[in-house]
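Coordinate analysis (summary)
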Amino acid sequence: MGDKKDYVIYQGEDICGIRRAADAAARVRDQLPLMIRPGMSTKEIDNVAAALIHSTGGISAFLGYRGYPGQICISLNDEVVHGIGRIDKPVRPGDLISIDIGVNLGGYIGDTATSFVLGGTDDPDTLRLLDYTRKALDEGINAAVAGRYIKNISSAVEKIAKSAKLGIVREYCGHGCGKTLHDPPEIPNYVSFNKGPELRPGMVLAIEPMLNLGTSKVITESDGWTVRTSDGKLSAHFEHMVLITESKPEILTWLKT
Ligand code: MF3
Ligand code: CO
Ligand code: CO
């Protein structure tokens, strides 16, 4: 391996700061869906998210990141990730909505995402997509134990996705997260030739499976950001940040109240 640092270890006050930022992001993630009403535009939802983010004392970690123009990412139906709030895009009952929230609180980053159907659904395929994408994240988290490797997380996610016959998005990955939104290493949602660094206490990882009902292939829209499935089928995205410890991983974006 080269001498470039391929992971980051956090300690002491940095961990406290990351915990607070992650908690703020989780709070926004859990409050925002309660405030979404049919007919709201994704831009209005982005505005509400901005107010929630600011009420935590933080600012958006996404706004301006590589020129990203939104406060959060809000991706509908066949949109996978990086959807930008738009005034001409209303949400309707039955829409599968993915929200990805990044909060910068005091120089530390919280990053978390969830997916849900507005008003709920009983469509079996949609439920399978949501249940197994959530389960893939859970199993990825369970594999995030010191002494194992990034590859073990990837493999746990891939196993669940394959068991449910879901397409795994390959172009976007999980990542380290702490003082920057995207720390090394990358965490693919499939097994690659690279086993990645060994997991060590103090590593903070954002694990984020993006799974599709159909093809794994995605395309990026002409806005330069919005990623959608190339067959137009639904996509789901769940993301938690975890701290690697001496024992079980600590889920930092789990709301404790
Ligand atoms: N969705 C990405 C993640 O969770 C971050 C979004 S980058 C942005 O890692 F620029 F689109 F905001
Ligand atoms: Co995210
Ligand atoms: Co992330």
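Look up: the structure comes first, before these words.
Presented here is an overview of the structure given in this document. (Residues numbered from 1 in each chain as written. Chains lettered and ligands numbered in written order. Predicted model: local features only at pLDDT ≥ 70, side-chain atom pairs only at ≥ 80, totals over all residues. Heavy atoms only, no water.)

This brings us to the coordination of the cobalt ion (ligand 3). Here the cobalt ion (ligand 3) is held by Asp111 (OD), His175 (NE2), Glu208 (OE) and Glu239 (OE), and the distances to it run 2.0 to 2.2 Å. One can describe the donor arrangement at the cobalt ion (ligand 3) as irregular, given that its six donor atoms subtend angles of 55 to 170° at the metal. The sequence pattern describing where the donors of the cobalt ion (ligand 3) fall on their chain is D-x63-H-x32-E-x30-E. In this structure the cobalt ion (ligand 2) is found 3.2 Å away from the cobalt ion (ligand 3), and Asp111 serves as a bridging donor for the pair. Here Glu208, found in the loop between strand E9 (204-207) and strand E10 (210-212), pairs with Glu239, found in the loop between strand E13 (235-237) and strand E14 (240-243); they are 31 residues apart in sequence, far enough to count as distant. (Donors = N, O, S within 2.8 Å, 3.2 Å for Na, K, Ca; no water. Tetrahedral: all angles 85-135°; square planar, octahedral: opposite > 155°, others 65-115°. Helix = DSSP H or I, 4+ residues; strand = E, 2+ residues; numbered from the N terminus.)

In this section: the site of ligand 1. Surrounding ligand 1, one finds Phe62, Tyr65, Tyr68, Cys73, His82, Asp100, Asp111, His175, His182, Glu208, Trp225 and Glu239. Between Asp100 and ligand 1, the recorded distance is 2.6 Å, taken from a side-chain N or O atom to a nitrogen atom. Taking Glu239, its side chain carries an N or O atom lying 3.1 Å from an oxygen atom of ligand 1. Burial of ligand 1 by the protein amounts to 96% of the accessible area it has alone, namely 330 Å². Looking at the shell around ligand 1, its residues break down into five nonpolar, three polar and four charged. (Near = heavy atom within 4 Å. Polar contact = N/O pair within 3.5 Å; in protein donor to acceptor, adjacent residues only side chain to side chain. Areas by Shrake-Rupley, 256 points an atom, 1.4 Å probe, with all protein chains shown as cover. Nonpolar A, V, L, I, M, F, W, Y, C, P; charged D, E, K, R; others polar.)

At the metal site, the cobalt ion (ligand 2) is ligated by Asp100 (OD), Asp100 (OD), Asp111 (OD) and Glu239 (OE), and these contacts range over 2.0 to 2.4 Å. By relative accessible area, which is 9% here, Asp100 ends up buried. (Buried < 20%, exposed > 50% of the residue type's maximum accessible area, 1.4 Å probe, protein only.)

What follows covers the packing of aromatic side chains. When we look at a pair of aromatic rings, we describe it by the centre distance and by the angle of the planes. Tallied over the entire structure, the rule returns one aromatic pair. For the pair Tyr68 and Trp225, a centre-to-centre distance of 4.9 Å together with 85° between the ring planes defines the contact as edge-to-face. Of this pair, Tyr68 sits in the loop between strand E1 (59-60) and strand E2 (73-76) while Trp225 sits in the loop between strand E11 (218-220) and strand E12 (227-229), placing them 157 residues apart in sequence. Its guanidinium or amino end placed over the ring of Tyr7, Lys5 lies 4.3 Å from that ring's centre, counting from NZ or CZ. (Phe/Tyr/Trp six-rings, centres within 6.5 Å; stacked < 30°, edge-to-face > 60°. Lys NZ or Arg CZ within 6 Å of the ring centre and 35° of its normal.)

The next point concerns the sheet that holds strand E6 (residues 167-168). What holds strands together in a sheet is hydrogen bonding between their backbones, with the strands either parallel or antiparallel. Taken in spatial order, the three strands make up an open sheet running E6-E10-E13, and their pairing is antiparallel. Two strands lie at the open edges of the sheet, namely E6 and E13, each paired on one side alone. Note that E10 and E13 share three bridges and pair antiparallel. Note that in E13 the partner of Asn212 across the bridge is Ser235. (Pairing = 2+ DSSP bridges.)

The subject of this paragraph is the nonpolar core. Grouped together as the largest cluster of nonpolar side chains are 40 residues, with contacts concentrated most on Leu32, Ile36, Ile72, Ile97, Ile99, Ile101 and Met241. Elements that contribute at least two residues to this core include exactly helix H1 (12-31), helix H2 (42-55), E2, strand E4 (96-105), strand E5 (108-117), E9 and E14. Ranked by residue count, the leading element in this core is H1, at seven residues. One finds Leu130, Ala156, Leu166 and Val242 within the second-largest nonpolar core, a separate group that totals 32 residues. (Core = buried A, V, L, I, M, F, W, Y, C linked by side-chain atoms within 4.5 Å.)

With 19 residues, helix H3 (residues 124-142) extends 26 Å from end C-alpha to end C-alpha; this agrees with the ideal 27 Å at 1.5 Å per step. Among all positions in H3, only Thr126, Leu129, Leu130, Thr133, Ala136, Leu137, Gly140 and Ile141 are buried. The buried residues of H3 occupy an angular sector of 135° when projected down its axis, which confines them to one face. (Expected span 1.5 Å × (residues − 1). Arc of directions from axis to C-beta.)

Moving on, we come to the sheet that holds strand E8 (residues 183-187). Taken together, five strands build an open sheet; the order of strands is E8-E7-E9-E14-E15 and the sheet is antiparallel. The sheet terminates laterally at E8 and strand E15 (250-251), the two strands that pair on one side only. Of the strands in this sheet, E9, E14 and E15 touch H1, which is tilted by about 155° from E14. Running over the sheet, helix H4 (residues 150-163) touches E8 and E9 and is turned about 40° from E8. (Contact = heavy atoms within 4.5 Å. Axes fitted to C-alpha atoms, helices over the stretch in contact; angles between N-to-C directions.)

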